[in-house]
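Residue-level listing of the chains:
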Amino acid sequence: MEEMKVAATIHSLVGKVFRSNPVSAQQRKPLEKKVKSGFDFQNPFLVYRDLPKVAKRKRGAYRDAEPFPHIVFDNFFDRVILKKVWREVRNMDRDTFHETESRNEIKLSIEDDSRLGPVTWKLIQSLNSGAFLSFLEVLTSTKGLITDPHLRGGGVHEIQRGGKLGIHTDFNYYERLKLYRRLNLLLYLNRGWSEEWGGHLELWNREGTRCCQRISPNFNRMVIFDTSNFSYHGHPEPLNCPAEQSRKSLALYYYTVDYPHESDLTPHSTRFVGLPSG
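Keep in mind it's a predicted model, so treat the numbers as computed, not measured.

(A) Broad picture of helix 4 (residues 79–90). Under the 1.5 Å per step criterion, the end-to-end length of helix 4 is 16 Å for 12 residues, consistent within 8% with the ideal 16 Å. Looking at helix 4, one finds that the buried residues are I81, L82, V85, W86, E88 and V89. Axial view of helix 4: buried residues confined to an arc of 165°, hence all on one face. Elements in contact with the buried residues of helix 4: helix 5 (118–127), strand 4 (155–160), strand 7 (179–188) and strand 12 (246–256). Structurally, the start of helix 4 carries an N-cap: the backbone nitrogen of V80 is 2.8 Å from a side-chain oxygen of D78.

Below, the structure is given as structure tokens:
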């Protein structure tokens, strides 16, 4: 639905250009080709004027979601853009990634935005833009959101065959910026993902004892959710994808000066829980 609206808007604008600035058929072909391709690096990556309407329409569903406030958007971005991001991430030098291997997590990640491809970099800047922050504030009813230009703990994440991320709640305080963490945004880049490979994002109940939601990491799927001392999530089962495949995503986190969870004001790092027995 969103893709159709974007395409219709583009074609409408092009039509106005043609009517006000007549060109020959030969001159028109390159412009039409650019429009049909769906990608021009100089254009915005988001249809900003549509964001307020989407936020107002979806904010009730976000707040009422169980086991804690969250929402899933499919095809939020132009697929042409996401394919270019996928290609850039696939071709990144893995020697520049940070490797984590512990009892609770096995993954690769990179926060350094100077290592990102140009399309990936611009997409992340779009997700950290003022207009997108306003969208998030309305959608999640969280005022005063602040972005993190350093992408601490975020950026590009990759989990390869056998990797995992145990069920956990996130660090609650960002010492560098003196801010409290409030929202997570995950954007999946997994083309042709098979359900049998696993890698589902699991959302657990507020006690951290059972899974309530399983979200497949499909291509162009974006998940946004509250960060709190009861937003247990992860994918605890080792990834079962072919060796040449991996679970790729972009991760961005958003912060505020104030924090509503009075029982969780003391700064802490990521807290993992064990799998329930039985």
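(B) Focus on the nonpolar core. In terms of nonpolar packing, the biggest core is built from 42 residues, with F132, F135 and Y254 touching the most fellow members. Setting aside residues no more than four positions away along its own chain, F135 makes contact with L51, V54, A55, F73 and F76. The next biggest cluster of nonpolar side chains, apart from the first, holds 15 residues, and it includes Y174, Y188, L203 and I215.

(C) Region of interest: the side chain of H157. Here H157 is to be found in strand 4. Only 3.0 Å separates the side chain of H157 from the backbone oxygen of G153, close enough to count as a polar contact. Once you skip the residues sitting within four places of it in the chain, H157 turns out to touch K107, L108, S109, R247, K248, S249, A251 and Y253.

(D) Local environment of a positive patch on the surface. A cluster of like positive charges, contributed by R79, R87, R90 and R191, occupies part of the molecular surface. Structurally, R79 is set in helix 4.

(E) Structural context of the packing of aromatic side chains. In total, this model carries 10 aromatic pairs according to the counting rule given. Ring centres of F68 and F225 lie 5.9 Å apart, and the angle between their planes is 55°; on these two criteria the pair is classed as tilted. Pair noted here: F68 is in the loop between helix 3 (51–64) and strand 1 (70–74) and F225 is in strand 10 (residues 221–226), with a separation of 157 residues, a long-range link. Through a chain of ring-to-ring contacts, the aromatic side chains of F73, F76, F77, F132 and F135 assemble into a single cluster. Directly above the ring of F171 sits R152, whose terminal nitrogen or CZ lies 4.2 Å from the centroid. For the cation-ring pair, R181 lies above F171, with the distance from its terminal atom to the ring centre recorded as 4.4 Å.

(F) The arrangement of the layout of surface pockets in detail. In this structure, the second largest pocket occupies an estimated 630 Å³ of space. The wall of the second largest pocket is formed by 34 residues, among which E105, K107, G153, H157 and Y253 lie closest to the centre. Where the lining of the second largest pocket is concerned, the elements lending two or more residues are strand 2 (98–101), strand 3 (105–110), strand 4, strand 5 (164–169), strand 7, strand 11 (233–235) and strand 12. Across the lining of the second largest pocket, the residue classes break down as 11 nonpolar, 16 polar and 7 charged.

(G) Up close: the environment of V273. Among the structural elements, V273 can be located in the segment after strand 13 (271–272). Residue V273 is classed as partly exposed on the basis of its relative accessible area, which comes to 25%. Linking V273 and Y232, residues 41 residues apart in sequence, is a C-alpha distance of 8.7 Å. Beyond its immediate stretch of four places on either side in the chain, V273 contacts I167, G208 and Y232.

Cut-offs applied
Residues numbered from 1 in each chain as written. Predicted model: local features only at pLDDT ≥ 70, side-chain atom pairs only at ≥ 80, totals over all residues. Heavy atoms only, no water. Helix = DSSP H or I, 4+ residues; strand = E, 2+ residues; numbered from the N terminus. Expected span 1.5 Å × (residues − 1). Buried < 20%, exposed > 50% of the residue type's maximum accessible area, 1.4 Å probe, protein only. Arc of directions from axis to C-beta. Contact = heavy atoms within 4.5 Å. Polar contact = N/O pair within 3.5 Å; in protein donor to acceptor, adjacent residues only side chain to side chain. Core = buried A, V, L, I, M, F, W, Y, C linked by side-chain atoms within 4.5 Å. Patch = residues over 30% accessible without salt bridge, like charges linked within 9 Å, V, L, I, M, F, W, Y side chains within 5 Å. Areas by Shrake-Rupley, 256 points an atom, 1.4 Å probe, with all protein chains shown as cover. Salt bridge = Lys/Arg side-chain N within 4 Å of Asp/Glu carboxyl O. Lys, Arg positive; Asp, Glu negative; His and termini not counted. Charge placed at Lys NZ, Arg CZ, Asp CG, Glu CD. Phe/Tyr/Trp six-rings, centres within 6.5 Å; stacked < 30°, edge-to-face > 60°. Lys NZ or Arg CZ within 6 Å of the ring centre and 35° of its normal. 1 Å grid on protein atoms, 1.4 Å probe; cavity = no way out; pocket = protein on both sides within 12 Å on 5 of 7 lines; lining within 4 Å. Points joined across faces, edges and corners; volume = space filled by probe spheres on them. Nonpolar A, V, L, I, M, F, W, Y, C, P; charged D, E, K, R; others polar.

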